[in-house]
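Chain by chain, the residues run as shown.
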Number of protein chains: 2
Amino acid sequence: MVRLLGIDPGLRFTGWGLLEADGNRLRHLGDGVIATDSSDSVPERLKVLHDALAALLTELRPDEAAVEETYVNRNGAATLKLGYARGVALLGPALLGIPVSEYAAKSVKLAVVGTGWAAKEQVQEMVRRLLPGARIGRADAADALAVAICHAHHRASRNRWAAGTRMA
Amino acid sequence: MVRLLGIDPGLRFTGWGLLEADGNRLRHLGDGVIATDSSDSVPERLKVLHDALAALLTELRPDEAAVEETYVNRNGAATLKLGYARGVALLGPALLGIPVSEYAAKSVKLAVVGTGWAAKEQVQEMVRRLLPGARIGRADAADALAVAICHAHHRASRNRWAAGTRMA
């Protein structure tokens, strides 16, 4: 049994979701959103995000973390800002020695919905179905749980494969 | 007299340069480059950058920091990676309560060379002329010193303006 933290980073809202995974069996432990004030300076907002994430990691003690490797192509400035938040999100677990995996958006959709071309709403709907009983708040938290689910599936496949090779 | 740290962030190489500014009089105190190993994972490289920057900030004790606000438009992935490094570079001073200013590339060129359209090499040449006696290593360190010079000029202008309004 491992505790997996999914993170969906953004400068305005960073979603997080914690799962317990026992092979392919998943249990929802919690989720939420870290918000920063857009009237603050960017360095101050990154500090708020970093401090909140550090407190969360210390409290939740995940064994592994996973972050979605999306990027917008809208414009350089928007992509750069997303990069700030993602950089801080990747740094947080690394500082505590927690392994972080990155997954392409397509891999997350494939793992959660079964097709790499699913709409955002389908992903969020499937997250709710895969974690029955969980009352998931904001879309950012559901997105973070989707990354955690994707990571759980990849771990399970890796372990099955490792078990198979051990037996061979 | 204030100690100003310029930072030119990049995931592979992050340049830094420290100046002492007394109004418009500048003194070069040091510069260098933080390098990360491209064969390491991105979270690990961000940790290396963060830890090195934190050690540097503690050792050099700058009063203020400045970062160039450039972004490449080549492609989303490259911009995002630059964002990771810049996010960590903006976070470092913020965590220690050191104010960080951001300057557009054009402002840096204008402050250092006198025109916003100067070539990269002209900027580096002028940095060497403005800081005689300093043996500046890599181009990344010269770029970091250029941002520090830009910040020094803007501070001096602001202070002159503030002095003027006090007299009025």
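Located above this text is the structure these notes cover.
This text gives an overview of the structure that appears in the document. Predicted model, so just to flag it, every value in this text is computed and none were measured.

## Concerning the pairing of strand β1 (residues 2-8) of chain B
Residues and elements named next belong to chain B. Across the 7 residues of β1, 6 count as buried, placing the element largely inside the fold. As paired strands, β1 and strand β2 (residues 13-22) are joined by 7 bridges and run antiparallel to one another. By the bridge assignment for β2, Ile7 is matched with Trp16. From the end of β1 to the start of β2, which pair antiparallel, there are 4 residues. The pairing of β1 with strand β4 (residues 64-68) spans 4 bridges and is classified as parallel. Residue pairing across strands places Ile7 opposite Val67, the latter belonging to β4.

## Quick look at the sheet that holds β2(B)
Residue and element names in this part refer to chain B. Strands sit in the order β3-β2-β1-β4-β5 across an open sheet of 5 strands; the sheet is mixed. Of all strands in the sheet, those with a lone pairing partner are β3 (25-35) and β5 (100-103), marking the two edges. Strand-to-strand twist across the sheet, computed as the mean angle between neighbouring axes with direction ignored, equals 20°.

## With respect to the sheet that holds strand β5 (residues 100-103) of chain A
Residue and element names in this part refer to chain A. Across the sheet, 5 strands lie side by side as β3-β2-β1-β4-β5; this open sheet has mixed pairing. Unpaired on one side and paired on the other, β3 (25-35) and β5 mark the two borders of the sheet. Between one strand axis and the next, the sheet turns through 20° on average, direction left out of account.

## A short note on the interface of chain A and chain B
Much of the literature gives interface size as the accessible area that the parts lose upon coming together. Across the boundary between the two partners, chain A contributes 25 residues, which contact 25 residues of chain B. Taken together, the two surfaces of chain A and chain B that pack against each other cover about 2,000 Å², and 79% of this comes from carbon and sulfur. In this structure, the connection of chain A to chain B is made through 0 salt bridges. Where chain A packs against chain B, one counts 0 residue pairs in polar contact (both at pLDDT 80 or more). Looking at the side of chain A that touches chain B, the elements with two or more residues in it are α1 (42-60), α2 (76-95) and β5 of chain A. At 14 residues, the largest contribution of residues to the side of chain A that touches chain B is made by α2(A). Here the side of chain A that touches chain B is built from residues that sort into 14 nonpolar, 7 polar and 4 charged.

Parameters at a glance
- Residue positions within a chain follow its written sequence, with the count starting from 1.
- All chains are assigned letters beginning with A, and all ligands numbers beginning with 1, in the order in which they are written.
- pLDDT decides what is reported in this predicted model: residues at 70 or higher carry local features, side-chain atom pairs at 80 or more are listed and counted, and totals for whole chains, interfaces and linings draw on all residues regardless.
- With hydrogens and water stripped out, all remaining heavy atoms of the structure feed into the side-chain values.
- Classification of residues uses two cut-offs on accessible area relative to the type maximum, computed with a 1.4 Å probe and protein chains only: under 20% is buried, over 50% is exposed, and between them is partly exposed.
- Under the scheme used here, helices are H or I runs from DSSP no shorter than 4 residues and strands are E runs no shorter than 2 residues, and both carry numbers assigned from the N terminus.
- Here, a strand pair is defined by DSSP locating no fewer than two bridges between the strands.
- For helices, the axis comes from a line fit to the C-alpha atoms of the stretch in contact; other axes are also lines fit to C-alpha atoms, and the angle between any two N-to-C directions lies between 0 and 180 degrees.
- Contacts between residues were defined by any pair of non-hydrogen atoms, one from each residue, lying within 4.5 Å.
- In this description, buried area is defined as the sum, over both parts, of the accessible area (probe of 1.4 Å) that is lost when the two are combined.
- For this analysis, a salt bridge means a side-chain nitrogen from Lys or Arg found within 4 Å of a carboxyl oxygen belonging to Asp or Glu.
- In protein, a polar contact requires one atom able to donate a hydrogen and another able to accept it; more generally it is a pair of N or O atoms within 3.5 Å, and residues adjacent in sequence count only if both atoms are side-chain atoms.
- The classification used treats Ala, Val, Leu, Ile, Met, Phe, Trp, Tyr, Cys and Pro as nonpolar, Asp, Glu, Lys and Arg as charged, and all other residues, Gly among them, as polar.

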